[in-house]
Amino acid sequence: MSRLRTRSSGGGRRSGALLLAGALAGCGVPTGGAPEPIPTSQVPYDLASPSPTVTGAPSASARIDEPRIYLVAEDGALVPRGRSLRSGALSSRLDQLLDDLATGPTTGELTDRLSTALRPETSLSVDELSDGTVTIDLGGDAEAPAGQESRRAVAQIVLTATSLPEVEEVLLTRDGEPVDAPLPSGALTSQPLSAADYEPLLTPTASPPS
């Protein structure tokens, strides 16, 4: 359960036509005269039927206006996947979203070869909300990931939390103590983190996740 302490609310066309006419004439196809309708009986099979409407496959990506968690694709990029949340206070909705992130990919997302840099034993809880900044406490006994995986893990948390419009920045703590979080560059900071900080991790890396 979250521990919440809210401090405040918070010529080209013409020449092309001439070339096309010349090509048709060269093939023995007349280019002049009024068009004459072809009897339906002489039209090859299926050509007289209406063309089917082509629709694209539904995208599995999250809409920009819905809560979402961020997972790791095969190419190392972080990708959003939508989540449905129960209505309620911001702290409750954020807790639901962080629980989904800590749980990891669904069966369908695993089939899509999505993964997470967060360790299975990791827990995420909302500790404080203040003026658009949320403090998230990291729990669990799992050893923290290192290197590029640690950057992806932090990015997953920050991008997921800030997918809610009320959240602008994230502070990370462990047992109430500030955590020096890695930026994409590898530099460490204890300052509030924003989605913009982790935009570089939204594009594929040169090699698969380490």
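Residues numbered from 1 in each chain as written. Predicted model: local features only at pLDDT ≥ 70, side-chain atom pairs only at ≥ 80, totals over all residues. Heavy atoms only, no water.

Trainee: Quick rundown of the overall build of the chain? Include the residues and the values.
Mentor: In terms of regular secondary structure, the chain is built from four helices and eight strands. Sequence-ordered secondary structure for the chain, helices as α and strands as β, is α-β-β-α-α-β-β-α-β-β-β-β. Looking at the chain as a whole, 36% of its 210 residues qualify as buried. Counting every atom, the chain has about 13100 Å² of accessible surface; 54% of that belongs to carbon and sulfur. (Helix = DSSP H or I, 4+ residues; strand = E, 2+ residues; numbered from the N terminus. Buried < 20%, exposed > 50% of the residue type's maximum accessible area, 1.4 Å probe, protein only. Areas by Shrake-Rupley, 256 points an atom, 1.4 Å probe, with all protein chains shown as cover.)

Trainee: I'd love a proper account of helix α2 (residues 90–103), names of residues and values included.
Mentor: In a regular helix each residue adds 1.5 Å, so 14 residues correspond to 20 Å; α2 covers 20 Å between its end C-alpha atoms and thus fits that length. Within the span of α2, buried status applies to Leu90, Ser91, Arg93, Leu94, Asp95, Gln96, Leu97, Leu98, Leu101 and Ala102. One or two positions beyond α2, positive phi appears at Gly104, with a value near 95°. (Expected span 1.5 Å × (residues − 1).)

Trainee: Which residues make up the environment of Val179, and what values do they have?
Mentor: For Val179, the position within the fold is in the loop between β6 (177–178) and β7 (181–182). Judged by relative accessible area, which is 22%, Val179 ranks as partly exposed. Along the sequence, Val179 and Ser190 sit eleven residues apart, while their C-alpha atoms lie 6.1 Å from each other. Excluding residues that lie within four positions of it along the chain, Val179 makes contacts with Leu172, Thr173, Arg174, Thr189 and Ser190. (Contact = heavy atoms within 4.5 Å.)

Trainee: I'd like a description of the side chain of Arg93, backed by residues and values.
Mentor: Counting through the fold element by element, Arg93 comes out in helix α2. Those residues in contact with Arg93 that lie beyond four places of it in its chain are Leu85, Arg86, Gly88, Leu164 and Glu166.

Trainee: Lay out the sheet that holds strand β5 (residues 169–174) in plain terms, naming residues and giving numbers.
Mentor: As summarised here, the arrangement of the four strands in space is β3-β4-β5-β6, forming an open sheet in which the pairing is mixed. For this open sheet the edge positions go to β3 (123–130) and β6, each flanked by a neighbour on one side alone. Note: β5 against β6, two bridges, orientation antiparallel. Looking at β6, one finds that Arg174 is bridged to Glu177. Where α2 meets the sheet, its contacts fall on β3 and β4 (133–139), and the angle it forms with β3 comes to roughly 155°. (Pairing = 2+ DSSP bridges. Axes fitted to C-alpha atoms, helices over the stretch in contact; angles between N-to-C directions.)

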